[in-house]
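The chain contents come next:
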Amino acid sequence: MVHLTEEQKLELRTIASKIVKDGRGILAADESTGTMGKRLDQINVKNKEETRKTYRHLLMSCDKEMSNYIGGVILFHETLYQKDVEGKLLKDYLKEKDIVVGIKVDKGVVQLMNTDGEGTTQGLDGLGERCAQYKKDGCDFAKWRCVLKITEHTPSALAITENANVLARYASICQQNGLVPIVEPEILPDGEHTIERCQEVTEKVLAAQYKALSDHHVYLEGTLLKPNMVSAGHSAAKKSTPQEVANATVTALRRTVPAAMPGVVFLSGGQSELSATENLNAMNCHEACRPWKLSFSYGRALQASVLQAWQGKQECFAAAQMVLMHRAKMNSHAARGNYTKEMESDKSSAEQSLFVGNHTY
């Protein structure tokens, strides 16, 4: 019988807790080559391997202060093995700052037959071997994204069950190979649905998810959850305030997520940088008991202003790093519930919506 030893459990528990310790969160820098191309298009920079390497070098070579705000960074496979001009692996910049290195391990979303455009995530074949190699190469946690959507008739029971079981199987394989799994059942913000409808669906999805994790004997203390925040749909007539988002999200989590799970690291889901920070802060100011850390695992909401500051120019390298440090610091404050808008130096770019319909990585 395959089971985790006490030593394995201790390692997983220690890694998961370290990532979200004292207001730290995750920088999600795991965009695929195609998605990175879309980001670079926004600043009129060509999507070349050398350009991607330069940009990721910018992110990872920030000052050691970065480790006060960022506990882990998720990498794309390409980035894990890239080196700077002096031959230094980019991931070693993170290791030197005692930031935990993570890796995206899924192979993307595919459609479920005879459903209303619903999907599941592939990549389980050979996952054990890939996880073992990633662990050997310096990774300590992994990410796998499943996607559900809200319409009149979705998510279906099939989509909820299938994605919950895929995530549970992935989590089990990760833990057997020493990687902390980030469990990400993302409910897309696309649509006109109300915040009440989003809360209803989120609770249903998370309840199924933790049932599946239990069925697969996943060690919850050695996992992290990466969910959507509960909010009205992007096209809804009535937008949700930070207080409404906080109340609906914390309520949904309290009804479904076991206290043994150490940390919730929210995805930004196309919110503006400021909204993602404000909503996280409101949750950490909520009066209800929250037995888990509530933190962040942001991609666009940490990098959008960085890309605008960089513009692909070497002379803007240091300025772009300062922008990243600022956004990381603001979200770290929010993860501790002591963020205020007065801390912002320039609100203009950070207020822009980062929504992308039917978002893929």
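Higher on the page you've got the structure.
Throughout this description, residue numbers start from 1 for each chain and increase along the sequence as written. For this predicted model, a pLDDT threshold of at least 70 governs which residues receive local features, and a threshold of 80 or more governs which side-chain atom pairs are given and counted, while totals over whole chains, interfaces and linings are taken from all residues. Water and hydrogen atoms play no part in the side-chain values, which are based on all heavy atoms of the structure.

(A) The arrangement of the environment of K9 in detail. Put simply, DSSP marks the helices as runs of H or I at least four residues long and the strands as runs of E at least two long, and each gets a number from the N terminus on. Relative to the helices and strands, K9 is located in helix α1 (residues 6–19). Relative accessibility under 20% of the residue-type maximum defines a buried residue, over 50% an exposed one, and the middle range a partly exposed one, all with a 1.4 Å probe and only protein chains included. Taking relative accessible area as the criterion, K9 reaches 23% and is therefore assigned partly exposed. Here the alpha-carbon distance between K9 and Y219, two residues 210 residues apart in the chain, equals 7.5 Å. Each residue touching K9, except ones within four places of it in the same chain, is listed here: L4 and Y219. Contacts are residue-level and defined by heavy atoms, with any inter-residue pair within 4.5 Å sufficient.

(B) Up close: α1. A helix's residues, less one, multiplied by 1.5 Å, set its expected span. Taking 1.5 Å per residue, 14 residues should reach 20 Å; α1 reaches 20 Å between its end C-alpha atoms and fits that length. Three or more residues of α1 are buried, namely L12, I15, A16 and I19. Projected down its long axis, α1 shows its buried positions confined to an angular sector of 95 degrees, all on one face. For α1, the exposed residues lying more than 90 degrees away from the buried face are E6 and E7. Read the arc as the range of directions from the helix axis to the C-beta atoms.

(C) A look at unusual backbone geometry. Residue T154 is joined to P155 through a cis peptide bond whose omega torsion reads 5 degrees. Tracing the backbone shows P155 in the loop between β6 (141–148) and α7 (157–176). A positive phi angle, close to 60 degrees, is found at D98, a residue other than glycine. Inspection of the secondary structure puts D98 in the loop between α5 (90–96) and β3 (100–104). Phi at N114 is positive, roughly 60 degrees, even though this residue is not glycine. A residue is classified by how much of its surface remains accessible, and N114, at 75% relative accessible area, is exposed.

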